[in-house]
Structure formats: structure tokens, C-alpha cells
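Here's the letter readout for the chains.
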Amino acid sequence: MYLPRNLIAHLYQNLVKRTHAAAPPVLLLVALEPDALCACRILTALLKRDYIPHKIQPIAGYGDLSRAADELVRPMRTTEGGSGGVVVCLGVGGMIDMEDMLGMDMDENGQGGTGDVEVWVLDARRPWNLANVFGTPIGEDSTTGELVRRQPGVEKGRILQSYQGLRGGVIVFDDGDIEEELQAEREAYCGLEEMPEVGEDTGSDDDLDDPSEEAPASGQVPKKRKSWSDRDDSDEDMSDGERPRQRLRSNSGGSIPSSPGRRPIRRGLMIESQLGGSSDFSRSGSRSRSASPSIVPPKEASVKSLRKQLMVMRNKYTGVLDRYYQLGASYAEPVSSLVYALASELGREDNDLLWNAIVGVSSLELYGRTGSGVGLNPLSTAGGSAGWNGNRGEQIRSVFRDEVRRLNPVTDPQGVARDASLGDASGVIPTSARSATDKSIRLSPEPRFLLLRHWSLYESMQHSPYLSAKLHMWSEQGQKRLNKLLAKMGVSLSECKQNYTHMDMELKRGLRERLLKFAPQYGLDGLVPPPPRGGDMKDGWGFVRCWGWKACLSAVDAAVILGAILEVGDAKSLAQSSFEPTNFVSTNDYGDTTAAATQEEQDEAQEHIVARFWTAYDALGQIDKLVQHISTAQHLHRAILRTGTALIEKKQIRHLRAFRMAVVKEGPDVQLFTHPGALTKLALWIAEAIVELNGTKGKNRGSELVMAGLDDSRGLYIVVGLGGGGATESAKERLQKREKKAKEKEEKRARKEAELRKKREAKRLRLEAAGLDEDEVEEDTEDEDDESEEDSESEDEEEQTAGKGRNRFGNAFQEVVRETGARVRMDSFEACVIEIKKEDLSGFLERLSMKAVVG
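Residues numbered from 1 in each chain as written. Predicted model: local features only at pLDDT ≥ 70, side-chain atom pairs only at ≥ 80, totals over all residues. Heavy atoms only, no water.

Some words on the nonpolar core
Residues Leu65, Leu90, Val119, Met707, Phe844 and Leu848 are the most contacted members of the largest nonpolar core, which totals 185 residues. For this core, the leading source of residues is helix 24 (residues 676-694), giving 11 residues. Two domains each put at least three residues into this core: domain 1 (2-195 + 319-330) and domain 2 (347-589 + 602-623). Beyond its immediate sequence surroundings of up to four residues, Val119 is in contact with Val87, Cys89, Met98, Leu102, Met104, Gly169, Val170 and Ile171. (Core = buried A, V, L, I, M, F, W, Y, C linked by side-chain atoms within 4.5 Å. Buried < 20%, exposed > 50% of the residue type's maximum accessible area, 1.4 Å probe, protein only. Helix = DSSP H or I, 4+ residues; strand = E, 2+ residues; numbered from the N terminus. Domains from an automatic or database assignment. Contact = heavy atoms within 4.5 Å.)

Quick notes on the sheet that holds strand 17 (residues 551-554)
Spatial ordering of the open sheet is given by 15-16-17, a layout of 3 strands whose pairing is antiparallel. Edge positions in the open sheet fall to strand 15 (441-444) and strand 17, since each of these has one partner strand only. This sheet shows a mean twist of 30° between the axes of neighbouring strands, independent of strand direction. In terms of strand pairing, strand 15 meets strand 16 (residues 542-547) through 4 bridges, oriented antiparallel. Looking at the pairing, Ser444 lines up with Gly542 of strand 16. This element, helix 11 (residues 351-366), spans strand 15, strand 16 and strand 17 of the sheet and lies at about 135° to strand 16. Lying on the sheet, helix 20 (residues 555-567) is in contact with strand 16 and strand 17; it crosses strand 17 at an angle near 90°. (Pairing = 2+ DSSP bridges. Axes fitted to C-alpha atoms, helices over the stretch in contact; angles between N-to-C directions.)

A look at the pairing of strand 20 (residues 705-711)
Here strand 20 lies mainly inside the structure; 7 of its 7 residues are buried. Sheet topology places strand 20 next to strand 21 (residues 716-722); 7 bridges connect them, and they run antiparallel. Residue pairing for strand 21: Ala708 is matched across the bridge by Val719. The turn linking strand 20 back onto strand 21 is made up of 4 residues, and Gly715 within it adopts a positive phi angle of 65°.

Notes on the environment of Leu693
Assignment of secondary structure puts Leu693 in helix 24. If we ignore the near neighbours within four places in the chain, the residues touching Leu693 are His472 and Trp474.

Some thoughts on the packing of aromatic side chains
This structure, assessed with the given rule, holds 14 aromatic pairs. Each ring, one from Tyr62 and one from Phe829, has its centre 5.0 Å from the other, and the planes form 80°; the classification is edge-to-face. With Tyr62 in helix 3 (residues 62-73) and Phe829 in the loop between strand 22 (824-825) and strand 23 (833-837), the pair connects residues that are 767 residues apart, well separated along the chain. An aromatic cluster of three or more residues is present, and its members are Phe659, Phe809, Phe813 and Phe844. Positioned over the ring face of Tyr367 is Arg369, at 5.4 Å from the centre of the ring. The ring centre of Tyr458 lies 4.8 Å from the NZ or CZ of Lys497, which sits over that ring. (Phe/Tyr/Trp six-rings, centres within 6.5 Å; stacked < 30°, edge-to-face > 60°. Lys NZ or Arg CZ within 6 Å of the ring centre and 35° of its normal.)

So, unusual backbone geometry
Trans is the prevailing form of peptide bonds, just as negative phi is the prevailing case for residues other than glycine. Look at the link from Arg126 to Pro127: it is a cis peptide, with omega at 10°. Structurally, Pro127 can be placed in the loop between strand 6 (125-126) and helix 5 (130-134). At Tyr51, a residue that is not glycine, the phi angle is positive and equals roughly 55°. With respect to the element layout, Tyr51 can be found in the loop between helix 2 (34-49) and strand 3 (54-59). In the Ramachandran plot, Asp116 falls in the positive-phi region, its phi being about 60° despite a non-glycine side chain. Checked against the element boundaries, Asp116 lands in the loop between helix 4 (98-101) and strand 5 (117-122).

Right under this line is the structure:
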């Protein structure tokens, strides 16, 4: 089931109404990523204000989710002696069948079920598992007592205003995409769910009308439906950390969900009703007396014809679902933004919740999560993070800018004058609060530098992924370019190598203007936001918050620090225990006892994972803890620059048929990149450098990259696959292409309209000369207009489907595993992240190079 965006507060308000002193606590399953962490902070603040008890459980992957299902969710079910309740999944489970994963499905004997446990799924990953979106849990019909897939207040998977939420089930929160883009998939899924089973075309028709096959009077017990995306997976390919895969087959061999809650009725009659046939079809197979005897077909031919039509319809629906699942990975609205929208709908928004939402949204850019999956962010000339997720990302940031203005008005005359002189006029980057009690959020013309307020200007520029790629910072020549740029700007090396907050005020005040003047000479378009040009006066600006005199952080800086805490651990033990293998591993299960971790190692690894989560969770609410881990973030990004430089200098980046490949298997930081998040950041750094080195044209175009990090203690590689992400074109090139296409389309439409007018006028004259009515002429011309509109719509659809460029590494990984039998573990929520045994990597990559990795 899915909750439409316009009803986003409906479920929460129902939860508040039915919460009482003896109510079970709400269980929050939270992914180990900054976006989900920020969403958790917002949601727990709402729950505390409404005195709703809750429990938070960090979830590192599908293995953790399976354990949480057994230990936490199963005891909540009324069928297991519990009292039901609500489970909220933040960044967890959007791509798998959660009813099956959490053990809430019903078996063929009618055992199991939701047990009054309601699961809310908020996840930015796509594609959705459509069983979560459109599936309805099995319940008992109040009038007949039969088991049916029907719930009050739910229409074809869509939750209505009348829904009360008392029977449990899986509910996904729609960010607007389901209502706008998935109506064809909704029709296909619901059509397949209601469709009866049919036999082979070549089989006998007698079995379709055999009275012996009638269901018992109690009705057929429905089977558990399965997601369409699971049709080809086998249990041998995945470990127990991988979500379980199963199939249901019809008599015709197609994988379709079993018909839910079918009434005891003959299949011939069911086929007739499914196809919308006449209701006067009698049990003998003939029409009523009102039908013409001359057109009554024989009984067997009629049933066979209906069956063929039904199979055609099923194949059509199957194709719709197949195409959806094969599109590849992508990202929609961040979870933190969606939970903030819930808080806004409830009227609970404040600066703390807004800041958490801004930090969560900013974090997605750091991990390359775009509308085309995990890959490089599209280049932008608007500065800051304006390239992230295209128009959708800019809309979210624009809403946040409006919220910042609304919740942080400057009413003090001195503050207004100060902002006028130092803020908007010259675009000075704020580094301190207005007063000792100032905790406001401000807009700032943030440059694309890393941790600028906490590093020197030189180090911040040197470790910026954008600047590193553009200036070739991995080479001696690149260092000289950076020095020359600073010299042109009039900044001495001694000045720029001291802490930025201690730099000369005049230099800081004129930094933006100098960057705007000299950066384009080095191809650094969009290094800082451009001057205002109407519309949103601060388009492309970032967000900064101060905590009195304690600290001043940008949202991107806060996201960088949170990510480093989750990926590296405690800053106090960087040289010791934080680099122990147990600090980076999750449970190991490849069916290989020689390499399997002991239970003690698994428990210790789990403790490290949970400890890092709570450290990051506390840091979000305690600025002192966040500041303490700035050194952790700096250490991680020094390692990224050091390792990336070594790979390029040693020419260890190979170009295969469909992508490039790089392997981190030696060096001082090799253990650091056994965490998927850290490895993804390194891969993004390498990919941006590749695009800059090879350009965007010819056979070397594209930023598809497979990055592998060696975890020698476990004898395996962590592998990340980056898609194109649309980053091989600049914003100016994309704009020119879009304008050119729009112009060609308009010219083509104008030509068609002119030709159509000529034809219409000539036809009108001919028909009037023949004495025909004008109505007939209008009807004919309307048909031509319809054809013209259909042609235009089909062209639009082709443009939308062509060149989506989505990351299909997840699909390709599964195909290669089935073909090669490689020992692979897919435990990450990211489909493009896997673990593979050392011995299997070369054969796996060789076969992978033959696959389509970008849709």
C-alpha cells in the first residue's frame, strides 16, 4: 500500500490518537547513512513531543534486517502473543518485499499474517518493490468470513482518507512519484494480482470447465504473492544476508502472483469476468436467448479464445513490470526531506528540525546519489550543490531557503546593517555567529571547497574533489596550477596556508569576487555561486549554522563529518583500534568455514557498527561532539587524495569494455576503504578525475567505474559500481541540447500544423462540393488532430525513455553471479555494492565487462 503525498500526516495522526500508556513502543529501523540518521532525529523529536514511546535499531544491511525481523518484529505480532504496533523503516527496505522479509506473509494454510503490525517504509532508493507499494495484506472479510486481499480505506493499493490503520501491513510513503509516474505499473500489478491461473495454449480446454476443479465452499486460501523483480534469482546465489528470493509459477509457466482471495467459482466464468465479458454467459458455455444464434461460437472455441486473450493481457502486464524493474537504480526525494515535510504538515517545524533536514539532503551529494543512481553529480555553473539531482534537487533546496528566511528573520537593526555590509552585498562567507546566543541558520555563498572553516584555504582547495579533478591535483603540474591561481587572486602561500578563520579580513571579504574573476580561466565554472540575476536572489547558495561562539558549520561540512563518523569510527583511536578489521566488517557467510568469522568477531563488529551509529546520532544534537570529529573527516579525505593520487600515478586504472576498473589492495589506507561509504567517495573522486583526463567524447567518454577495496583479513573485496550519473556533460551543454531539441520540436509541430490546415481546407472544399454535412467534415479533421497529438506524445515518450543513464550495476551483478557462480554476498541496501571472494574477482569482472551497466 502507499500513502499519497497529500495525506502524509494521516498515519501519524492516527498513531497519536490510538497511543495510550500501555501501547507498545514504535520501532525505528534506521540505515547507517547520514540521510536516514537525520530523518531519525526529526521523527524522534516528533514522537517525544507527542509522548509516544519508541525504540531505535541501527540496520547495517539485509543481514541486520533479517535479525531484527526475528528478534524485534516477530514478537510484536498478535499471532505470536504480541500486541501489534508500528515499525518505521528509514532508508531501509524499499527495494525488497518487506512483508516477506519481516515474516508477515501468510502461508497456504492461512497461518501467519501481519499480526496487526504496521510497517511504514520511507526510502529514497528506486525502483520500489511493487509488492510494498500496491500489495494489500490478507484479511478476513467481515461479511463472508473469507480470506481476501482487501482492506477498508484502500483502493488498489492507494490509502484513502478513510483508512484507520488497524489491521497492519506494509505502507510506503509516496514522495509524489507513485501518483505521477507509476499508474501504468499500478494497473499492471493489480491486474496480475486479480488474474486467474490459466493453462497452456496447447492444452485441453476441458480442464477449464471441469466442475471437479471448483474450490471448496470456504473459498480458496490465497497464496503469498512475490515481487516481479525476484523472478530469476536463486537461493544458491545469495547468502543468508541476502534477502530471500522465491517464485510462483502459473500453469502456463509465467511468473505471476497467485490470485488473492478468489471466490469459489469456475475458471471459465472467472476468465469471462476478468476480460469484462457479458454477464449472461451461462454455465453451459452458450449465450442467452437474446443473442443471435448465427454468431454463437462453440463452447470449446469460446473458452480457448478467452484464455488466449487473458494470456495476452498477462504478457502485457508482465512487460510493464519487467521494464520498470530493468530501468536501473535511481534516487528520489531524500528521507530527511520527506520526514521534514511531515513535521511541516503537523505544524511542528523549527530550526533544529530544519537543520537536520538540510544536513540530510546535503549528504546525498557526497555519496553521488542522483536521479540516475550512484554516480557523478551533473556539473553545474550555479555553484555549490546546485547540480545535485537536477531540477528536483533545486526545488528542494529552494523550499529550504524559504524555510530559512521564514524561521530566521533578522529583526535587529544592527544585524540588518551588518548583513547588508558583509553579507548579501559582497557575499562574504560567514565564519562566526552574530552573538553568543545566536543559533540561527543563514544562507551563504558556499564555494566548492571542503571543510573550509576548519582547514586552511590551501588544504580545503587541495582536498576538494571538484577542484582536484579540474586542476589535476594528483600531479606536480596540478600543484603549480593551484599556486598560480592563488597568486593571480593576490593570496600569498603563507596567508592561504594558515587557518581560514585567521586569514586577513580583507582577503576573506574579497574572496568571492576574486574567485568569480579568475576561476573561469582554469575551467572552474561554478566554483562559487554567481551574482544574483533575478528570481531567487540566492540561487545556488548553501546553508550555515552557528552555535554561539562555539562553532560555525555549513550543512555540507556537517554531512561530511557525520559520514566520516559512520565510516571511520572514533577520532580518538584513529591509529589503533578504529582500524582493526572488526571495526569495518559485518557478518561473513560464504559457506566457507576456513574464512568464516568467529561469533566473537561478529559480535565485536556489530558493537563497532552500533557504537558508530550512536556517536553520529549524538553528534547531531551536541555540537561539541560534532566538532571533535572534524579531525576524523580530515583524515578520511587526506586518505582519499593520497590513495587516488597513487592509483593515477601508477596507472592502475584499467579500461575494460563497459567501464573502468580500479583496485585498492596496498598502501597505508587500504583498510579504510573496506567500508562501502568510504570506497564510494574514493570512487567518485577517481571518476571525476577520469572524466577530466579523458574528456567526454569518443570511445573513452563516460564515468562508469568499478572500484574494489581489498579486505585481506576476510579474504574478500568490497566492490562498488558507479554509473554515468549524467556528469559527462556540463550544464551549458545540457541547456544547449535541450533548447535545440525544443526548437526542432516546435518547428516540426509548426510544419505539421501548416500541412494539416492545408489538407483540412482542401478536404472541406471537396466535401462541401459533394454536398456532405459540415459535422462529418469536423469529425474527420478531429481524427487527424488526434493522430497528430498521438505522434507528438509518442515522440515525448521516446525522449523521456532515451538516455536515462541509470545505474544498472545491481542488475548486472546479479546476472554475472548466476552465470559464473562467483561467491558473492549482497548485504548492502545499495544494489551496486557487493562483497566477493578474492579468488573470484577477476573472472567476475571479466564477465561483468560484457554487460550493460548503464540503462
